[in-house]
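# Report on the structure
As a plain string of letters, each chain reads:
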Amino acid sequence: MTTFHLRPGTEVAEALRDGSPVVALESTIVSHGLPRPDNLRVAREIEQTVRAAGAVPATIGMVGGELVVGLDDAQLTRLATVDGVAKLSVRDLAVAAATGADGATTVAATSAVAAAAGIGVFATGGLGGVHREAAQTFDESADLVTLARTPIAVVCAGVKSILDVGATLERLETLGVGVVGYRTRRFPGFYLTDSGFDLDWSVDSPEQVAAVLAAREQHGVHGGGLIVANPLPVDEQLDPALHDRTLTEGLARLGRDGVTGKAVTPFLLAHFHSATEGASLAVNVRIILRNADLAARIAVAAAGHPAA
Ligand code: PSU
Ligand code: MN
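This one's a predicted model, so the numbers in the text were calculated from it and none came from an experiment.

### Remarks on the packing of helix α3 (residues 38-52) against helix α4 (residues 73-81)
- Between α3 and α4, whose axes approach to 9 Å, the crossing angle comes to 140 degrees. Relative to α4, the element α3 is oriented oblique. Crossing angle aside, the handedness with which α3 passes α4 is right-handed. Residues N39, L40, A43, R44 and E47 of α3 touch α4, and the partners they reach there are D73, L76, T77 and A80.
- Partitioned by chemical class, the residues of the contact of α3 with α4 number 4 nonpolar, 2 polar and 3 charged.

### Describing the UniProt feature "binding site: substrate" (unreviewed entry) in the protein
- The UniProt feature table records "binding site: substrate" (unreviewed entry) at K87, V107, S141, A142 and D143. The greatest C-alpha distance among the annotated residues, which extend across 57 residues, is 13.0 Å, indicating that they converge on a single site.
- Its place among the elements puts V107 in helix α6 (residues 107-117).
- Ignoring anything within four residues of it in the chain, the contact list for V107 reads E26, F122, T124, L127 and D143.
- Among the structural elements, D143 can be located in helix α8 (residues 142-148).
- With residues up to four places along the chain from it excluded, the contact list for D143 reads T106, V107, A108, L127 and G128.

Parameters and conventions
Numbering of residues begins from 1 in every chain and follows the order in which that chain's sequence is written. Here chains are named by letter from A upward and ligands by number from 1 upward, in the order in which they appear as written. The model is predicted, so local features are restricted to residues of pLDDT at least 70 and side-chain atom pairs to those at 80 or more, both for listing and for counting; the totals for chains, interfaces and linings are taken over all residues. The side-chain quantities take in all heavy atoms of the structure and omit both hydrogens and water. Fitting a line to C-alpha atoms yields each axis, with helices limited to the stretch in contact; the angle taken between N-to-C directions then spans 0 to 180 degrees. Put simply, DSSP marks the helices as runs of H or I at least four residues long and the strands as runs of E at least two long, and each gets a number from the N terminus on. Each angle gets one of four labels, with under 35 degrees taken as roughly parallel, over 145 as roughly antiparallel, 65 to 115 as roughly perpendicular, and the rest as oblique. By convention, the crossing between two helices is left-handed when the near helix turns anticlockwise from the far helix through less than a right angle, and right-handed when the turn is clockwise. Residue contacts follow a heavy-atom distance rule, with two residues in contact if any of their heavy atoms lie within 4.5 Å. Classification convention: Asp, Glu, Lys, Arg as charged; Ala, Val, Leu, Ile, Met, Phe, Trp, Tyr, Cys, Pro as nonpolar; all other residues, Gly among them, as polar. UniProt positions are given in the numbering used here, feature names are shortened, and annotations may be inferred rather than shown by experiment.

Structure (structure tokens):
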């Protein structure tokens, strides 16, 4: 079993011990999802946003084979700047630990480690899901199957719009992963406010999300994760025409360059960032910061709303 390192006496360890609000954050977005040098600045801004809303940030990642819950600034800097940082899903954690690797954890790996550490709320940009060619390639993110068995609330702007959103929602239903819109009945489309798909449930406040988490504890039927889908306001989304053009072009390049497996998502995100000349990057950053803020407010509400 891979154990994580929660150094006694660290801010995260003390907050967890005291039942204070903690928000888990992933590192793949830092190492593979955002371009340098913005990535390190944004990683720090995400943590500051969590703090400003009254919670302790716990960015998760692997440094020299050590799985860390609550990277310090030197560790965060290392994962943001050195070459050869591996992208770690759940299945990679043990191998990376045993070989002393540096690695960034995906939504799947971050959720699994956070839940094991006792953290109940996690903020990211957009979830992984079913890729558009999945009927041929079988490419479906391990984020989905991991959330099926991991009791954590993930605040995100839906799934990345590069994916097959309808198929992803069907899989989430099959897998028993809860999905609630935050002040909306439409599933967000990451760069876009609205993916075009309806949701069954909407919640209006961090307190209401905390009540959902508490009800789950009381029922003792935990199941898996809860997705809190937090859309961008319409005037902050990426221009839909630019989005559609960029996506068509990116998908064509994917085929031309023969990109497959775990390289697909970073490739498409990088294509968006360069083809939109930074417009998608600005949108991506706004998404993450808004989600970090909401996640922190949920964690604060949950800390004051313990299950009976
Ligand atoms: N959200 C973002 N940027 C990212 C990711 C999510 O805004 O880079 C990362 C997450 O770590 C997610 C991963 O788990 O992309 C999905 O990769 P894949 O499709 O290979 O499972
Ligand atoms: Mn994949």
